[in-house]
Amino acid sequence: MNKNLLSFAILALAVVILVVNIWKPGSTESEKNTTAPAGESVETTEDIPGAKLSSLREGAEAPDFELNTLDGKTIKLSDYRGKKVILNFWATWCPPCKAEMPHMQNFYEEYNDQDVEILAVNLTNMDKGADEVKKFVEEYGLTFTIPMDEEGYAGTTYQAFTIPTSYILDENGVITKKIVGPMDEKMMKELTGVK
Amino acid sequence: MNYITFGRFTLPADLLAAFAAIFIGALIYRAKEKKSIDDWYWNSFFLYIAVYKLSYAVFNFKLFIDTPFSLLYFNGGTEGQILAYIGIALYLYWLARKKGNTIKEYLPVYFIFFLLYWTGLFAFSQDYLATAIQTVLLLGFILFFFKNIKLAVEYAIFFLMLEALILSLFSDMLSVENLLIFALGIYLIILQRFNKEEIQH
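Along each chain, the written sequence defines residue order, and numbers are assigned to residues from 1. As a convention, the first chain written is A and the first ligand written is 1, with the rest following in written order. For this predicted model, a pLDDT threshold of at least 70 governs which residues receive local features, and a threshold of 80 or more governs which side-chain atom pairs are given and counted, while totals over whole chains, interfaces and linings are taken from all residues. As a rule here, side-chain values come from all non-hydrogen atoms in the structure, and water together with hydrogens is ignored.

(A) Quick peek at the overall build of chain B. Helix and strand counts for chain B stand at 8 helices and 2 strands. Along chain B, helices (α) and strands (β) appear in the sequence β-β-α-α-α-α-α-α-α-α when read from the amino end. With respect to the three principal axes, the spread of C-alpha positions in chain B is 55 × 40 × 30 Å. A total of 201 residues make up chain B; the buried ones form 49% of that total. Accessible area of chain B: about 10500 Å², with a carbon and sulfur share of 70%. Looking at charge distribution, chain B has the averaged site of its 15 positive side-chain charges lying 9 Å from that of its 14 negative ones. Labels follow the DSSP assignment, with helices taken as runs of H or I lasting at least four residues and strands as runs of E lasting at least two, numbered in each case from the N terminus. Exposure is judged per residue with a 1.4 Å probe applied to protein chains only, and the accessible area is read against the type maximum: over 50% gives exposed, under 20% gives buried, and values in between give partly exposed. Shrake-Rupley sampling with a 1.4 Å probe provides the accessible areas, and residues are treated as covered by the protein chains on show and by no other component. For the purpose of counting charges, residues Lys and Arg are taken to be positive, whereas Asp and Glu are taken to be negative. His and the chain ends are not included. Note on charges: their place is set at NZ of Lys, CZ of Arg, CG of Asp or CD of Glu.

(B) Region of the structure containing a nonpolar patch on the surface. All names here are of chain B. Residues enter a patch when their relative accessible area is above 30% and they make no salt bridge; the linking distance is 9 Å between like charges and 5 Å between nonpolar side chains (Val, Leu, Ile, Met, Phe, Trp, Tyr). By definition, a salt bridge exists where a carboxyl oxygen of Asp or Glu is found within 4 Å of a side-chain nitrogen of Lys or Arg. A surface patch of nonpolar side chains, amounting to about 610 Å² of accessible area, comprises Val58, Phe59, Ile82, Leu83, Ile86, Leu90 and Val176. Counting only elements with at least two residues in the nonpolar patch, the list comes to helix H2 (39-59) and helix H4 (77-98). Considering each element in turn, the nonpolar patch owes the most residues, 4 residues, to H4. Residue position: isoleucine 86 is located in helix H4. When its relative accessible area of 44% is taken as the criterion, isoleucine 86 is described as partly exposed.

(C) A look at the state of the cysteines. Residues and elements named next belong to chain A. The disulfide criterion is simple: two cysteine sulfur atoms within 2.5 Å. Evaluated as defined, the whole model comprises 1 disulfide over all chains. Linked covalently through their sulfurs, cysteine 94 and cysteine 97 form a disulfide whose S-S length is 2.2 Å. On the sign convention where negative is left-handed, the bridge of cysteine 94 and cysteine 97, at about 85° about the S-S bond, is right-handed. In this structure cysteine 94 comes out as buried when scored by relative accessible area, which is 2%. Taking the relative accessible area as the measure of exposure, cysteine 97 reaches 0% and is therefore buried.

(D) Main features of the packing of helix H5 (residues 103-124) of chain B against helix H6 (residues 128-146) of chain B. Residues and elements named next belong to chain B. Two elements in contact, H5 and H6, have axes separated by 9 Å at closest approach and are oriented at 160°. With respect to H6, the element H5 is oriented roughly antiparallel. With respect to the hand of their crossing, H5 and H6 are arranged in left-handed fashion. Residues Pro108, Phe111, Ile112, Leu115, Leu116, Trp118, Thr119, Phe122 and Ala123 of H5 pack against Ala130, Thr131, Gln134, Thr135, Leu137, Leu138, Phe141 and Phe145 of H6. Residues that form the contact of H5 with H6 fall into these classes: 13 nonpolar, 4 polar and no charged. Each axis is a line fitted through C-alpha atoms, taken for helices only over the stretch in contact, and angles between the N-to-C directions span 0 to 180 degrees. An angle counts as roughly parallel when it lies under 35 degrees, as roughly antiparallel when it exceeds 145, as roughly perpendicular when it falls between 65 and 115, and as oblique in every other case. By definition, turning the near helix anticlockwise from the far helix through less than a right angle yields a left-handed crossing, and turning it clockwise yields a right-handed one. Residues count as neighbours in contact if any of their non-hydrogen atoms are within 4.5 Å of one another. Note on residue categories: nonpolar means Ala, Val, Leu, Ile, Met, Phe, Trp, Tyr, Cys or Pro, charged means Asp, Glu, Lys or Arg, and polar means any other residue, Gly included.

(E) The arrangement of the environment of Lys32(B) in detail. Summarising the element assignment, Lys32(B) is placed in helix H1 (residues 13-33). Through-space distance from the C-alpha of Lys32(B) to that of Ile142(B) is 9.6 Å; in sequence the pair is 110 residues apart.

(F) Geometry of the pattern of salt bridges. Enumeration according to the criterion identifies 6 salt bridges over all chains in this entry. The shortest N-O distance in the salt bridge between Glu58(A) and Lys177(A) comes to 3.7 Å. Of this pair, Glu58(A) sits in the loop between helix H1 (3-46) and strand S1 (66-69) while Lys177(A) sits in strand S7 (residues 175-180), and the two are 119 residues apart along the sequence. Owing to a relative accessible area of 37%, Glu58(A) belongs among the partly exposed residues under this scheme. A salt bridge links Lys35(B) to Glu105(B), with the shortest nitrogen-to-oxygen separation between them at 3.6 Å. Linking Lys35(B) in the loop between H1 and H2 with Glu105(B) in helix H5, this pair joins segments that are 70 residues apart in sequence. On the basis of relative accessibility, which here comes to 38%, the residue Lys35(B) falls in the partly exposed class.

(G) Fine view of the pairing of strand S2 (residues 9-12) of chain B. All names here are of chain B. With 4 bridges joining them, strand S1 (residues 3-6) and S2 adopt antiparallel strand pairing. Across the sheet, tyrosine 3 pairs through a bridge with proline 12, a residue of S2. Between S1 and S2, which follow one another and run antiparallel, lie 2 residues, and glycine 7 among them has a positive phi close to 50°. Strand pairing requires that DSSP identify at least two bridges connecting the strands.

(H) Highlighting the packing of aromatic side chains. Working definition: rings of Phe, Tyr and Trp (its six-membered ring) pair if their centres are within 6.5 Å, and the pair is stacked with planes under 30 degrees apart, edge-to-face with planes over 60 apart, and tilted otherwise. Scanning all chains against the criterion turns up 37 aromatic pairs over all chains. For the ring pair Phe107(A) and Tyr111(A), a centre distance of 5.0 Å and an interplane angle of 40° mean the geometry is tilted. Taken together, the residues span about one helical turn, with Phe107(A) and Tyr111(A) both in helix H2 (residues 95-111) at a distance of 4 residues. Judged on exposure class, the residue Phe107(A) and its partner Tyr111(A) are both buried. Summarising the aromatic geometry, the rings of Tyr48(B) and Tyr85(B) are spaced 5.6 Å apart at their centres and angled 80° between planes, so their arrangement reads as edge-to-face. Highlighted residues: Tyr48(B) in helix H2 and Tyr85(B) in helix H4, separated in sequence by 37 residues. This pair shows no difference in class: Tyr48(B) is buried, exactly as Tyr85(B) is. For a Lys NZ or an Arg CZ to count as sitting over a ring, it must be within 6 Å of the ring centre and within 35 degrees of the ring normal. The ring centre of Phe145(B) lies 4.7 Å from the NZ or CZ of Lys32(B), which sits over that ring.

(I) Summary view of the nonpolar core. We define the nonpolar core as a collection of buried residues of types Ala, Val, Leu, Ile, Met, Phe, Trp, Tyr and Cys that are connected through side-chain atoms lying within 4.5 Å of one another. Tyr41(B), Tyr106(B), Tyr110(B), Phe111(B), Phe114(B), Phe141(B) and Leu151(B) are the most contacted members of the largest nonpolar core, which has 66 residues in total. At the level of elements, H1 of chain A together with H1, H2, H4, H5, H6, helix H7 (153-170) and helix H8 (176-200) of chain B are the ones that each hand at least two residues to this core. In terms of residue count, H5(B) provides more of this core than any other element does, 14 residues in total. With sequence-adjacent residues up to four places away left out, Tyr106(B) is seen in contact with Trp40(B), Leu92(B), Leu95(B), Ala96(B), Leu188(B) and Leu191(B). By size, the runner-up hydrophobic cluster in this structure holds 49 residues, among which are Trp90(A), Cys97(A), Val116(A) and Tyr3(B).

Read these as spatial facts, not as claims about activity.
See below:
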């Protein structure tokens, strides 16, 4: 290729890149707004009742549950509609869960006011008892909600076989992502889309 | 960022794309040069991973002291990435001073690796149009590489600009991750240019 032609091509590319980057933010925003709700409604109607595995798909509605929390309240997952939820499953004896907890606490402190809730379900039936969980929560200074899965029902429903396992739910209670393994703040930020 | 779950692990797509690109890149180099790629290639990745991982301990010192094994699961985030790129830049500079003959390999290999990497990222995010266009650019560069055309500064800038255009259209060119890659590219262009002048003098 001729050197002049190449220089011209570089210059032309620079202009196009500039134009694309300036013009882009508005257009992608409107694209997202128009496609997102349509996608969701299609996905949720596809959900077949009774088919446990398929109800855990990304894009499907998260199965509801009712559990007692560590501080004695009763909560339902569906109470949290309208907020994004990080639904985490953990136990005190699990090293990656321990590693994840401080990051989750930091994230919670920083972004709780932006309508993001953390529900860290303790797999109580596989753990060493409520006292041990209490000690753990105090030691790590955790302030988010800890539902206690005493029967092992929620853990089984959500297939929390390898822990930590987390589900990211949107404001409509729809699963947007399943994550196996520990997350740090950056990952939680990316997944929930907080700013 | 996309995350892909394989049984017991969830891995970020960029990690998978990078690992695929490392090995495919080395194979492409081997196919053309009829020899294995030099140590600097593998050392750069090792350095990147080491700095990226260990910087977690620096930036989260208290967490690291409390639970040292957390280093297994986490990395230094964006700040760690910046440090890792600086590490690679310094390493390549040091190596170029020590034995100048590897320097002409940096840029072509840089392009092969990152063009592969972005193709992988687009493929993992299932953006097929972007994957197709990125593949065309990748194949274009590989053709250029195999034809033994010298990667002059103008060509290098031209390829960088084409990539910038693709990222602007289909992804976010201005994300820290992408800006760091471009910065490394520009740095390598300058390094190559600088080195040539030194030889001429």
